[in-house]
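Take a look at the letters that make up each chain.
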Amino acid sequence: MAESTGWTGGQNAFGDFAPGMVHYTDRVLFDEVWEREGLSKRDRSLVTVAALTALGKTDQLQFHLGYARRNGVTDDELKEALLQLAFYTGWPNGMGAMTVLKGIVEAEQS
């Protein structure tokens, strides 16, 4: 079993309500998958943002766009990626994702 990275996002979201979801989020997804050597965290973030944009999952994008920024993806790179994604994933999905990014950036500036 991989060593814990200290990730507690699942625990923070669900506590004792959904222990399976907590385990797979914190221990498998973030302790194991995100720590694999095959891709940088920056690249994993871009792939994740692309998938969530394609699926229209703006609730999860709220976290993952911020996480991408912490993993070294610049706001300009995210804007460009979301523009590109809008053409391949559908305009409403691109607009939704860009709206989430705009909210993150504006909240940080205020």
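Scroll up for the structure.
Only a predicted model underlies this, so the values are computations on that prediction, with no experimental measurement involved. (Residues numbered from 1 in each chain as written. Predicted model: local features only at pLDDT ≥ 70, side-chain atom pairs only at ≥ 80, totals over all residues. Heavy atoms only, no water.)

## Comments concerning the environment of Asn12
Locating Asn12 in the fold gives a position in helix α1 (residues 9–14). Judged by its relative accessible area of 61%, Asn12 falls in the exposed class. Note: C-alpha distance between Asn12 and Asp26 (14 residues apart in sequence) is 9.9 Å. (Helix = DSSP H or I, 4+ residues; strand = E, 2+ residues; numbered from the N terminus. Buried < 20%, exposed > 50% of the residue type's maximum accessible area, 1.4 Å probe, protein only.)

## Notes on the packing of aromatic side chains
Summed over all chains, the structure comprises 9 aromatic pairs. Here Trp7 and Phe30 contribute two aromatic rings whose centre-to-centre distance is 4.1 Å and whose plane-to-plane angle is 15 degrees, an arrangement assigned as stacked. Taken together, the residues Trp7 in the segment before α1 and Phe30 in helix α2 (residues 19–33) connect sequence positions 23 residues apart. Judged by centre distance (5.9 Å) and plane angle (75 degrees), the ring pair of Phe30 and Tyr67 falls under edge-to-face. Of this pair, Phe30 sits in helix α2 while Tyr67 sits in helix α4 (residues 58–70), and the two are 37 residues apart along the sequence. Residue Phe30 is classed as buried on the basis of its relative accessible area, which comes to 5%. Members of the aromatic cluster, connected to one another through ring pairs, are Trp7, Phe30, Trp34, Phe63 and Tyr67. (Phe/Tyr/Trp six-rings, centres within 6.5 Å; stacked < 30°, edge-to-face > 60°.)

## Structural notes on the environment of Asn93
Mapped onto the elements of the fold, Asn93 is located in helix α6 (residues 91–109). With relative accessibility at 22%, the residue Asn93 sits in the partly exposed group. Spatially, the C-alpha atoms of Asn93 and Ile104 are 17 Å apart, while their sequence positions differ by 11 residues. Setting aside residues no more than four positions away along its own chain, Asn93 makes contact with Thr53, Ala54 and Gly56. Of the polar contacts made by the side chain of Asn93, one reaches the backbone oxygen of Ala54; its length is 2.9 Å. (Contact = heavy atoms within 4.5 Å. Polar contact = N/O pair within 3.5 Å; in protein donor to acceptor, adjacent residues only side chain to side chain.)

## Some thoughts on a nonpolar patch on the surface
On the surface, Leu83, Phe87, Tyr88, Trp91 and Met95 cluster together to form a nonpolar patch covering roughly 630 Å² of accessible area. For the nonpolar patch, the secondary structure elements donating two or more residues are α5 (75–89) and α6. Among the elements that line the nonpolar patch, the one with the most residues is α5, at 3 residues. Turning to its location among the elements, Tyr88 is positioned in helix α5. Tyr88 sits in the exposed class, given a relative accessible area of 67%. (Patch = residues over 30% accessible without salt bridge, like charges linked within 9 Å, V, L, I, M, F, W, Y side chains within 5 Å. Areas by Shrake-Rupley, 256 points an atom, 1.4 Å probe, with all protein chains shown as cover. Salt bridge = Lys/Arg side-chain N within 4 Å of Asp/Glu carboxyl O.)

## Quick notes on α6
A rise of 1.5 Å per residue sets the reference length of α6, with its 19 residues, at 27 Å; its end C-alpha atoms lie 27 Å apart and thus fit the reference within 8%. Those residues of α6 that sit buried are Gly94, Ala97, Val100, Leu101, Ile104 and Val105. The buried residues of α6 occupy an angular sector of 130 degrees when the element is viewed end-on, so they sit on one face. Pointing more than 90 degrees away from the buried face of α6 are the exposed residues Pro92, Thr99, Lys102, Ala107 and Gln109. Along its buried surface, α6 packs onto α3 (41–55), α4 and α5. (Expected span 1.5 Å × (residues − 1). Arc of directions from axis to C-beta.)

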